[in-house]
Amino acid sequence: MSTSFFCCPVCGEPLAGENTLACRNHHTFDKSKYGYVNLLLSNQSSKKRHGDDKVMVQSRSAFLEKGYYAPIRQAVLDALIQCAATGMRVLDAGCGECWYTSYFAQELAAFSPNLAGVDISKDALRHGAKRGGDAADSQALYPERQR
Ligand SMILES: [Zn+2]
């Protein structure tokens with residue numbers, strides 16, 4: 001059983017598991033078929049949809065894939081490499097469709113990073129999960145990528 005990057009949004013205890021994350025107090029969070037875990041507590045939210053919707057995600061992905069932000073992504077990677085260490089932990093807060101997260105995972109593979117992205121948009125995380133790998137949580141949704 002692997003320890004998650006995140007803690008339980010109900011009680012704050014560490015979460016661990018593979019397809020279901022659980023804390024010692026038996027709060028459980030299943031990994032979706034898309035590869036992310038929803039840690040957004042339904043009783044804390046009055047909205048059914050959070051964050052960007054599918055059309056917004058597709059539009060942003062199309063823009064990002066054209067490479068306009070590639071120099072920014074590379075600059076962040078260069079900064080990460082300067083302080084890289086084996087097993088380092090990297091959290092992409094507001095990861096969206098994991099355009100940065102998946103690139104960092106690929107480029108930092110030699111360091112076996114514990115890398116996770118967090119976002120409140122299910123549509124973005126579903127898209128991000130398709131980029132390869134697992135994506136991971138917080139008080140929201142996450143694609144989990146560990147090791
Ligand atoms: Zn708990």
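Residues numbered from 1 in each chain as written. Predicted model: local features only at pLDDT ≥ 70, side-chain atom pairs only at ≥ 80, totals over all residues. Heavy atoms only, no water.

## Section: the side chain of Ser102
Its place among the elements puts Ser102 in helix H3 (residues 99-107). A distance of 2.8 Å separates the side chain of Ser102 from the backbone oxygen of Cys98, its partner in a polar contact. (Helix = DSSP H or I, 4+ residues; strand = E, 2+ residues; numbered from the N terminus. Polar contact = N/O pair within 3.5 Å; in protein donor to acceptor, adjacent residues only side chain to side chain.)

## So, a nonpolar patch on the surface
Residues Phe63, Tyr68, Tyr69, Ile72 and Val76 make up a contiguous nonpolar surface patch of about 460 Å² in total accessible area. Within the secondary structure layout, Phe63 lies in helix H1 (residues 54-65). (Patch = residues over 30% accessible without salt bridge, like charges linked within 9 Å, V, L, I, M, F, W, Y side chains within 5 Å. Areas by Shrake-Rupley, 256 points an atom, 1.4 Å probe, with all protein chains shown as cover. Salt bridge = Lys/Arg side-chain N within 4 Å of Asp/Glu carboxyl O.)

## A short note on the packing of helix H2 (residues 70-82) against H3
Between H2 and H3, the least distance of the axes is 11 Å, while the angle of their chain directions is 45 degrees. On the basis of their axis angle, the class for H2 and H3 is oblique. As for how H2 packs across H3, the hand of that crossing is right-handed. For the pair H2 and H3, contact is made by Ala70, Ile72, Arg73, Gln74, Val76, Leu77 and Leu80 and by Trp99, Tyr100, Tyr103, Phe104 and Glu107, respectively. Taken together, the residues that form the contact of H2 with H3 break down as nine nonpolar, one polar and two charged. (Axes fitted to C-alpha atoms, helices over the stretch in contact; angles between N-to-C directions. Parallel < 35°, antiparallel > 145°, perpendicular 65-115°, else oblique. Left-handed = near helix turned anticlockwise from the far one by under 90°. Contact = heavy atoms within 4.5 Å. Nonpolar A, V, L, I, M, F, W, Y, C, P; charged D, E, K, R; others polar.)

## Thoughts on the coordination of the zinc ion
Protein coordination at the zinc ion: the donors are Cys8 (SG), Cys11 (SG), Cys23 (SG) and His27 (ND1), at 2.1 to 2.3 Å from the metal. For the zinc ion, the four donor atoms in the first shell make angles of 99 to 118 degrees at the metal, so the coordination geometry reads as tetrahedral. Mapped onto the sequence, the donors of the zinc ion take the spacing C-x2-C-x11-C-x3-H. With Cys11 in the loop between strand E1 (3-7) and strand E2 (14-16) and His27 in the loop between strand E3 (20-22) and strand E4 (28-30), this residue pair connects regions lying 16 residues apart in the sequence. A relative accessible area of 24% places His27 in the partly exposed class. (Donors = N, O, S within 2.8 Å, 3.2 Å for Na, K, Ca; no water. Tetrahedral: all angles 85-135°; square planar, octahedral: opposite > 155°, others 65-115°. Buried < 20%, exposed > 50% of the residue type's maximum accessible area, 1.4 Å probe, protein only.)

## Some thoughts on the packing of aromatic side chains
Summed over the entire model, instances satisfying the criterion amount to six aromatic pairs. When the centroid spacing of 5.3 Å and the interplanar angle of 90 degrees are considered together, the rings of Phe63 and Tyr69 count as edge-to-face. For Tyr69, a relative accessible area of 35% corresponds to the partly exposed category. Connected via pairs of aromatic rings, a cluster forms that spans Trp99, Tyr100, Tyr103 and Phe104. In this structure, Arg73 is placed above the aromatic ring of Tyr103, and the distance from its NZ or CZ to the ring centre is 3.9 Å. (Phe/Tyr/Trp six-rings, centres within 6.5 Å; stacked < 30°, edge-to-face > 60°. Lys NZ or Arg CZ within 6 Å of the ring centre and 35° of its normal.)

## Observations concerning the confidence of the model for the chain
Close inspection of predicted coordinates is inappropriate in any region flagged by low pLDDT. With 84% of its residues at a pLDDT of 70 or more, the chain has an overall mean of 82. Confidence, read as mean pLDDT per element, is least for strand E8 (residues 141-145) in the chain (48) and greatest for H2 (96). For the stretch residues 134-142, pLDDT sits under 50, and the model shows 60 contacts to residues farther than four places along the chain or on other chains. (pLDDT = per-residue confidence, 0-100.)

## Thoughts on the pattern of salt bridges
Scanning all chains against the criterion turns up three salt bridges. Taking the shortest distance from any N to any O, the salt bridge between Glu13 and Arg24 comes out at 3.2 Å. Linking Glu13 in the loop between E1 and E2 with Arg24 in the loop between E3 and E4, this pair joins segments that are eleven residues apart in sequence. The closest approach of N and O atoms between Glu97 and Arg60, which form a salt bridge, is 2.9 Å. Taken as a pair, Glu97 in the loop between strand E6 (89-93) and H3 and Arg60 in helix H1 lie far apart in primary sequence, 37 residues in all. Residue classification places Glu97 among the buried positions, given a relative accessible area of 1%. Judged by its relative accessible area of 29%, Arg60 falls in the partly exposed class. One salt-bridge network, in which partners are shared between bridges, spans Asp52, Arg60 and Glu97.

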